[in-house]
Amino acid sequence: MRILVTGGAGYIGSHVAKALASAGHTPVVFDNLEMGHRWAVRWGPLIEGDLADASAARAALEGVEAVVHLAGYIFVGESVKAPSKYYRNNFVNSLNLLDAMRAAGVRDIVFSSTAAVYGAPEKVPIPEDSPKIPINPYGESKRFFEQALEWYGAAYGMRSLCLRYFNAAGADPDGETGEAHEPETHLIPLVIDAALGVRPPVGLFGTDYPTPDGTAIRDYIHVTDLARAHVLGIEYLRSGGASTALNVGTGSGHSVREIISVVEGISGLPVPVNIAPRREGDSPALVALALRAREALGWEPRHSSLEEIVRTALAWHRRMAKHPPR
Ligand code: UDP
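The notes below deal with the structure included here.

Thresholds applied
Residues numbered from 1 in each chain as written. Predicted model: local features only at pLDDT ≥ 70, side-chain atom pairs only at ≥ 80, totals over all residues. Heavy atoms only, no water. Helix = DSSP H or I, 4+ residues; strand = E, 2+ residues; numbered from the N terminus. Rg over C-alpha atoms; globule rule 2.2 N^0.38 Å. Buried < 20%, exposed > 50% of the residue type's maximum accessible area, 1.4 Å probe, protein only. Contact = heavy atoms within 4.5 Å. Areas by Shrake-Rupley, 256 points an atom, 1.4 Å probe, with all protein chains shown as cover. Lys, Arg positive; Asp, Glu negative; His and termini not counted. Charge placed at Lys NZ, Arg CZ, Asp CG, Glu CD. Near = heavy atom within 4 Å. Polar contact = N/O pair within 3.5 Å; in protein donor to acceptor, adjacent residues only side chain to side chain. Nonpolar A, V, L, I, M, F, W, Y, C, P; charged D, E, K, R; others polar. Phe/Tyr/Trp six-rings, centres within 6.5 Å; stacked < 30°, edge-to-face > 60°. Pairing = 2+ DSSP bridges. Axes fitted to C-alpha atoms, helices over the stretch in contact; angles between N-to-C directions. Core = buried A, V, L, I, M, F, W, Y, C linked by side-chain atoms within 4.5 Å. Expected span 1.5 Å × (residues − 1).

If you tally the helices and strands in the protein, you get ten helices and 14 strands. Relative to the globule expectation of 20 Å for 326 residues, the C-alpha radius of gyration of the protein, 19 Å, shows essentially globular dimensions. For the protein, the spread of C-alpha atoms along the principal axes amounts to about 55 × 45 × 40 Å. Within the protein, the proportion of its 326 residues that are buried is 54%. Taking the intrachain contacts of the protein between residues at least 6 apart in sequence as the baseline, contacts between residues at least 24 apart amount to 79%. By element, 52% of the accessible surface of the protein is carried by carbon and sulfur atoms, the whole surface being about 13,300 Å². Side-chain charges of the protein comprise 31 positive and 36 negative groups, with the mean position of each set lying 2 Å from the other.

This is the structure:
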């Protein structure tokens, strides 16, 4: 199948494109290259375009049978300071894509949603039917689009699978793509780069959370496992699966301090750390109840031990430090 992958030049998107190509599909990447990279588009054609441009979205759907929609801004902290940017890009521009799909008669969409739709949940691990009360505009912009998908499904027969990502981490085990955000705000790459001495000491945001070691807990999922969930998700929709939302996580949480100590153990290098206040918009703990994705998609994590996540990420960042891809 020819599958449009919006945001396919990004970190998760490039892994999704690779996974789709390995499954025999043609990933057509649609990306404005604001955050994505031309070098990360290796598994199918690139259409350079922006979803703010409704006509570009319509043109990109030529010959396409299904869509994986990942384009969007991703930074929680930034979203608190610039909500307008997040609502517009992640919600308003995404509606252009949905309307273009309607016009083109493309019904199936896998959407990159996030654990941030749950806000600061009372119940952890978090089941999919937990209340959706985002605590930052990033999570809310994703929640809005999930909601739009529900209504578009009821009114226009669109079929959607929302994948609520927990913390994507690690890099392609073959070293063909990996994380390269600028600015980088994610924990694992910052900890690794601090160990490698290519970035300053990492700030540890908050040591007073109600967790065993006082630092925040996240569910880290290997990006290759996450990518496979999209391939299975497309197949699920194409074979008549009902629209739904699924958590994509491991079901196990790790604290910030644990990440730092695993990076130190695997790299053999000390990680310089500065204790800092909590970051605005952050939840104390986000861990998936990860059963429904297994049931619905037959998906399960294969590469998501903390050891494999850190090992593949370390290999990628070592290479990036020496030979940044172009
Ligand atoms: N974090 C941190 N220092 C950093 C970046 C992140 O202590 O420089 C913490 C952050 O507060 C959160 C966890 O690490 O508790 C994961 O943050 P990340 O930005 O990687 O992902 P998020 O959970 O925000 O999507």
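We are not done yet, so read on.
Right, let's get into the site of the ligand. Residues in close proximity to the ligand total 15 residues, the closest being Leu187, Gly203, Arg218, Arg279 and Asp282. Residue Leu187 places a main-chain N or O atom 2.8 Å away from an oxygen atom belonging to the ligand. Here the ligand has 510 Å² of accessible area as a free molecule, and 90% of this is covered by the chains. Element by element, the count of residues in the shell around the ligand is highest for strand 8 (residues 202-205), at four residues. For the shell around the ligand, the class distribution of residues is eight nonpolar, four polar and three charged.

Attention shifts here to the packing of aromatic side chains. Summed over all chains, the structure comprises seven aromatic pairs. Plain terms: the ring middles of Tyr73 and Tyr86 are 5.6 Å apart, the flat faces sit at 50° to each other, and that makes the pair tilted. Highlighted residues: Tyr73 in the loop between strand 4 (66-69) and helix 3 (76-81) and Tyr86 in helix 4 (residues 83-104), separated in sequence by 13 residues. According to the relative accessible area criterion, Tyr73 is buried, its value standing at 12%. Measuring from centroid to centroid gives 5.0 Å for Tyr152 and Tyr156, while their planes differ by 80°, and the two rings are edge-to-face. Here Tyr156 and Tyr152 lie together in helix 5 (residues 137-156), a separation of four residues that amounts to about one turn.

A separate point is the sheet that holds strand 3 (residues 46-48). Across the sheet, which stays open at both edges, the seven strands sit in the order 3-2-1-4-5-6-11 with parallel pairing between neighbours. One side of each edge strand has no neighbouring strand; the edge strands of this open sheet are strand 3 and strand 11 (244-248). Across the sheet, the mean angle separating the axes of adjacent strands is 20° when strand polarity is ignored. As defined by bridge partners, strand 1 (residues 2-6) adjoins strand 2 (residues 26-31) across five bridges and the pair is classed as parallel. The partner of Thr6 across the bridge, within strand 2, is Phe30. Of the strands in this sheet, strand 1, strand 2, strand 4 and strand 6 (159-165) touch helix 1 (residues 11-22), which is tilted by about 170° from strand 1. Against the sheet, helix 7 (residues 223-238) makes contact with strand 1, strand 4, strand 5 (108-114), strand 6 and strand 11, and its axis sits at roughly 160° relative to strand 6, the strand it touches most.

A few words on the nonpolar core. Counting 28 residues, the largest nonpolar core has Ile12, Val16, Val68, Leu161 and Leu163 as its most contacted members. Mapped onto this core, the elements with two or more residues apiece are strand 1, helix 1, strand 4, strand 6, helix 7, strand 11 and helix 9 (292-297). Ranked by residue count, the leading element in this core is helix 7, at eight residues. If we ignore the near neighbours within four places in the chain, the residues touching Leu163 are Val110, Phe111, Ser112, Ser113, Thr114, Ala229, His230, Leu246 and Val248. Membership of the second largest hydrophobic core comes to 24 residues, among which are Leu4, Phe111, Ala148 and Cys162.

Turning to the sheet that holds strand 14 (residues 285-286), a few remarks are in order. A sheet is described by the order of its strands in space; here three strands give the open sequence 12-9-14, paired in mixed fashion. This sheet does not close on itself; its edge strands, each paired only once, are strand 12 (254-255) and strand 14. Two elements, strand 9 (residues 217-218) and strand 14, share two bridges in a ladder whose sense is parallel. Within strand 14, the residue paired with Arg218 across the bridge is Leu286.

Let us now look at helix 7. Taking 1.5 Å of rise per residue, the 16 residues of helix 7 would be expected to cover 22 Å, and the 23 Å separating its terminal C-alpha atoms lies within 8% of that figure. Among the 16 residues of helix 7, twelve are classified as buried, and the element is accordingly described as predominantly covered. Taken residue by residue, helix 7 has Val223, Asp225, Leu226, Ala227, Arg228, Ala229, His230, Val231, Gly233, Ile234, Tyr236 and Leu237 as its buried positions. Directly after helix 7, the chain includes Gly240, whose backbone phi takes a positive value near 95°.

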